[in-house]
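The primary structure of each chain is shown beneath.
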Amino acid sequence: MSAGLNLAQQEAVNYMHGPCLVLAGAGSGKTRVITAKIGRLIQAGVAAKSVAAITFTNKAAAEMRERAKGLIGKPAKDVVICTFHALGVRLVREDGHRVGLKAQFSILDSDDVTSILKDAGGTTDANTARQWQWTISKWKNMGLSAAQAEEQAVDDNERITARIMARYEERLTAYQSVDFDDLIGLPLRLLRDHAEVREKWQRVLGHVLVDEYQDTNATQYEVLKLLVGERARFTAVGDDDQSIYGWRGATLDNLKRLPVDYPNLKVIKLEQNYRSTSAILRAANNVIGPNPKLFPKTLFSELGEGEPVRIVDADSEEHEAERVVARIQSLRANSVHKDFRHFAVLYRANHQAKPFEKALRKAQIPYKVSGGQSFFDRAEIKDLCSWFRLWINNNDDPAFLRAVTVPKRGIGHQTLGQLGVYATQYKLSLFESLFSSSLASLLPRRGHESLTEFGRYVNDLEYRARQTLGAEAARAFMLEWLKEIGYEQHLYDNEESESAAATRWSNVMDFVDWMSGRCGGQIDDTAGVSTQAEIKSLMEVAQTISLLSTMSERQQDQDLVTLSTLHASKGLEWPHVVLVGVNEGMLPFKLDDDDGRQQVVSDETAQRLQEERRLMYVGITRAQRSLAVSWTRKRKKGRDLVPAKPSRFIAEMGLDQSTAKEDPREKLRALRAEFAAKKAAGAAPEKSA
Ligand code: ATP
Ligand code: MG
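Bear in mind that the values here come from a model prediction, so they are computed numbers and not experimental data.

Conventions and cut-offs
Residues numbered from 1 in each chain as written. Chains lettered and ligands numbered in written order. Predicted model: local features only at pLDDT ≥ 70, side-chain atom pairs only at ≥ 80, totals over all residues. Domains from an automatic or database assignment. Axes fitted to C-alpha atoms, helices over the stretch in contact; angles between N-to-C directions. Helix = DSSP H or I, 4+ residues; strand = E, 2+ residues; numbered from the N terminus. Left-handed = near helix turned anticlockwise from the far one by under 90°. Contact = placed C-beta atoms within 7 Å. Nonpolar A, V, L, I, M, F, W, Y, C, P; charged D, E, K, R; others polar. UniProt positions renumbered as here; feature names shortened; annotations may be inferred. Pairing = 2+ DSSP bridges. Near = placed C-beta within 6 Å. Buried ≥ 20, exposed ≤ 12 C-beta atoms within 10 Å, placed from the backbone.

**Q** Is there a simple way to think about the domain arrangement of the chain in this case?
**A** Many authors give the size of an interface as the accessible area that is lost as the parts come together. By the assigned domains, the chain splits into domain 1 (7-92 + 185-270), domain 2 (106-175), domain 3 (284-373 + 556-683) and domain 4 (376-547). For domain 1 versus domain 4, the distance between C-alpha centres works out to 36 Å.

**Q** Got a minute to help me understand the packing of helix 9 (residues 182-193) against helix 11 (residues 218-228) in this structure?
**A** In a pair of packed helices, the angle between the axes and the distance between the axes together describe the arrangement. Where helix 9 contacts helix 11, the axes come no closer than 9 Å and their chain directions differ by 35°. Viewed along their axes, helix 9 and helix 11 form a crossing whose handedness is left-handed. Here I184, G185, P187, L188, L191 and R192 of helix 9 lie close against helix 11, whose contacting residues are T219, Q220, E222, V223, L226 and L227. Residue composition of the contact of helix 9 with helix 11, by class: seven nonpolar, three polar and two charged.

**Q** What is the right way to read the UniProt feature "binding site: ATP" (unreviewed entry) in the chain from this model?
**A** Mapped onto the present numbering, the UniProt feature "binding site: ATP" (unreviewed entry) falls at A24, G25, A26, G27, S28, G29, K30, T31 and R275. The greatest C-alpha distance among the residues just named is 13.3 Å, despite their covering 252 residues of sequence, which places them together in space. Mapping G25 onto the fold places it in the loop between strand 1 (20-24) and helix 2 (30-43). Residues contacting G25, with those up to four places away along its chain left out, are D239, D241, N273, K297 and L299. Topologically, G29 is positioned in the loop between strand 1 and helix 2. When near neighbours in sequence (up to four residues on either side) are disregarded, G29 contacts Q9, L270 and Y274.

**Q** Explanation requested: the sheet that holds strand 7 (residues 234-238) in the structure shown.
**A** Note: strands within a sheet are paired through backbone hydrogen bonds, in either parallel or antiparallel orientation. With respect to topology, six strands assemble into an open sheet ordered 3-2-6-7-1-8, the strand pairing being parallel. Single-partner strands in this sheet number two, and they are strand 3 (80-83) and strand 8 (266-270). Across the sheet, the mean angle separating the axes of adjacent strands is 15° when strand polarity is ignored. With four bridges connecting them, strand 1 and strand 7 associate as parallel partners. Paired with L21 across the strands is A236, a residue of strand 7. Contacting strand 2 (51-55) and strand 3, helix 3 (residues 58-72) crosses the sheet at an angle of about 160° to strand 3. Where helix 11 meets the sheet, its contacts fall on strand 6 (207-210) and strand 7, and the angle it forms with strand 6 comes to roughly 155°.

**Q** Would you explain the sheet that holds strand 11 (residues 310-314) in this entry?
**A** Read across the open sheet, the six strands follow the order 11-16-15-12-14-13; overall the sheet is parallel. Lying at the two open borders of the sheet, with one neighbouring strand each, are strand 11 and strand 13 (367-370). Along the sheet, successive strands turn relative to each other by an average axial angle of 20°, direction set aside. Where strand 15 (residues 574-579) meets strand 16 (residues 623-632), five bridges bridge the pair, whose relative direction is parallel. When the sheet's bridge partners are listed, W574 is paired in strand 16 with A623. Across the sheet, helix 14 (residues 317-334) lies against strand 11, strand 12 (343-347), strand 14 (561-565), strand 15 and strand 16, angled at about 160° from strand 16, the strand it touches most.

**Q** Is there a simple way to explain the environment of H194 in this structure?
**A** By secondary structure assignment, the location of H194 is in the loop between helix 9 and helix 10 (195-204). Sequence separation between H194 and R98 is 96 residues; the distance between their C-alpha atoms is 8.6 Å.

**Q** Explain the site of ligand 1 to me, please; I cannot follow it from the model alone.
**A** Taken together, 18 residues form the shell around ligand 1, and within it G29, K30, T31, R32 and Y274 come nearest. In terms of residue count, helix 2 provides more of the shell around ligand 1 than any other element does, three residues in total. Residue composition of the shell around ligand 1, by class: three nonpolar, ten polar and five charged. Looking at the shell around ligand 1, you find at least three residues from each of domain 1 (7-92 + 185-270) and domain 3 (284-373 + 556-683).

**Q** It is not clear to me how the pairing of strand 7 should be interpreted in this structure. Could you clarify?
**A** Burial analysis of strand 7 places five of its five residues in the buried class, which makes it a mostly covered element. With three bridges joining them, strand 6 and strand 7 adopt parallel strand pairing. Among the inter-strand pairings, V208 is bridged to a residue of strand 7, identified as F234.

**Q** Even after reading the chapter, I still don't get unusual backbone geometry, so can you show me in this structure?
**A** Only a minority of non-glycine residues have a phi that is not negative, and only a minority of peptide bonds are not trans. Cis geometry is adopted by the peptide bond preceding P407, which originates at V406 and carries an omega value of -10°. Note that P407 resides in the loop between helix 17 (397-405) and helix 18 (413-425). The omega torsion across L587 and P588 is 5°, close enough to zero to call that bond cis. Looking at where P588 falls in the secondary structure, it is placed in the loop between strand 15 and helix 26 (603-620). Backbone geometry places A232, a non-glycine residue, at a positive phi of 50°. Topologically, A232 is positioned in the loop between helix 11 and strand 7. Here the phi dihedral of K427 falls at roughly 50°; this positive angle occurs in a residue that is not glycine. Assignment of secondary structure puts K427 in the loop between helix 18 and helix 19 (430-433). Using a count of 8 C-beta atoms within 10 Å as the deciding quantity, one classes K427 as exposed.

Okay, structure coming up:
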């Protein structure tokens with residue numbers, strides 16, 4: 001297993017009997033160490049199912065599984081490769097009964113949480129509810145209960161939020177539901193408070209490997225500590241300079257605590273970067289330079305100096321997008337890496353994608369937006385998922401309300417309101433209330449009949465879903481169900497245009513293919529799950545889907561330019577990268593008391609600036625061969641165009657000004673490409689999206 005590993009990497013891979021930390025800069029092969037170590041452990045006789053590799057995103061898990069399969073073949077499918085949250089689901093499913101959760105609990109998404117909070121806090125204002133949501137999530141990540149949060153509240157606002165949190169938690173228990181933070185918090189409680197649970201999991205998972213360790217939070221640290229126990233057979237890999245989730249509770253203290261909590265910790269540093277040219281690496285090192293050093297690190301590359309990093313300036317965001325597209329076209333004509341998938345356009349915030357999407361469409365360049373609205377956030381997919389959620393957990397009130405009203409089946413708000421009053425009075429879930437004998441006397445006859453009919457139908461479907469095994473059967477089942485509820489007609493009745501309805505319906509069909517593919521039983525490449533041979537019931541598959549954030553697993557083989565937020569680009573690499581919107585106020589994001597010139601700023605501002613700098617560092621280090629950084633002289637602010645300045649980070653990259661500006665020949669090529677793109681666009685007018 002030493003092929004393609006340097007000595008330091010081999011040392012990390014071969015160290016199997018105690019705690020190990022690999023601390024190294026971007027592109028130095030940390031993730032490669034994790035993948036190779038999975039192979040090494042199995043080669044050394046460790047059972048595949050007792051090796052757990054924890055990644056930061058579902059996409060990273062899918063990629064790691066692919067690589068592990070390449071290394072060790074079939075046993076790779078038994079290795080636990082997943083995110084912290086997915087591991088949490090498994091733990092809670094197996095042992096959640098100890099804290100009163102049934103094995104078939106529901107996982108609420110962010111929208112569900114907002115609506116429950118509206119109800120718990122007695123408001124109709126989504127912004128207020130989201131504010132609470134943010135604070136409650138922060139507390140949960142700190143491991144605080146509602147009572148503890150109230151105790152340590154510093155003002156009335158926090159005290160009120162803590163009380164709403166208590167009501168919110170009561171509702172989650174009643175609905176047999178958990179939110180995303182619970183998927184970390186509950187495993188912590190289970191492992192901490194129940195010795196037999198702790199011992200079981202320590203036995204089950206003998207070796208734990210964690211990627212992107214710098215972005216774990218305090219609760220995850222505790223979970224990890226309890227999981228690995230005294231033997232502490234774990235490997236964490238990370239880079240303090242790439243910690244970019246501080247705003248979500250991730251803490252670098254986790255890195256500092258390791259050597260204290262594990263005095264026998266083996267620390268390994270990697271110094272060679274295998275990803276980027278020297279020109280790119282130098283810019284990255286210059287930008288991160290001013291940040292205080294947690295651990296001294298050096299990073300070098302042997303890939304040669306390479307092309308200079310380019311700065312692109314533009315008049316407006318539209319102009320910027322045109323220039324970036326022209327750059328892509330020009331590089332495609334003149335580089336060895338000329339596939340669309342070799343390019344990424346990275347930005348700070350999702351909304352910045354829009355002008356680039358338009359410009360790429362205009363030039364007929366295929367692209368995907370990652371880290372943006374996920375497939376599962378689409379209304380039509382959520383509609384269907386609400387049915388699954390209801391089968392899994394009859395107490396899931398938000399899911400009940402969605403399923404019973406979409407498509408409309410003649411059950412009005414008034415009837416539902418009365419049902420709600422009844423359910424609250426008898427401490428029942430909405431769904432349970434349907435079957436109470438005393439409900440009939442309270443509701444108009446027709447309303448009551450429609451409701452009980454709906455209830456029976458859900459039960460019948462649930463029963464059938466349990467019996468439905470394998471891809472073929474699952475597909476047939478879903479098509480029949482959609483027909484029975486008249487979902488296609490519902491789309492055509494409710495969408496503004498036929499084409500919008502058709503798009504939604506085709507998403508639904510995509511979803512049917514994908515869901516049924518996951519039920520396995522046959523090789524089904526169209527659904528992108530050719531490895532899934534194990535037969536599962538539709539019910540089993542339904543329970544895990546609310547955790548999957550994108551259909552990206554399906555898209556990875558396609559030849560597409562990537563548009564992504566910087567946060568979602570973590571851990572990934574592309575031959576050609578353009579960082580766009582690198583303006584003061586955007587990257588770094590607007591900091592309250594800092595205009596880039598003051599000597600003295602508040603502690604908080606200084607820390608936020610450090611995180612912004614790390615974000616820029618992450619962006620730069622995604623590039624393998626070529627990097628361009630662009631900024632605009634004007635930016636949109638509401639409806640106005642306001643003057644804008646280049647980010648301070650551009651100057652800090654320390655580029656040689658004589659080469660940083662685009663080379664005139666390159667510019668000419670880019671202009672030609674720009675002209676050709678405009679001409680093509682003129683010939684084939686842009687279709688409305
Ligand atoms: P990041 O900090 O961005 O997550 P990383 O440290 O995890 O980066 P990897 O993604 O593992 O780095 O590796 C970066 C690139 O270098 C990958 O393309 C990988 O295949 C390659 N690489 C890693 N180690 C070696 C090696 N010893 N020899 C050749 N190539 C390597
Ligand atoms: Mg990595």
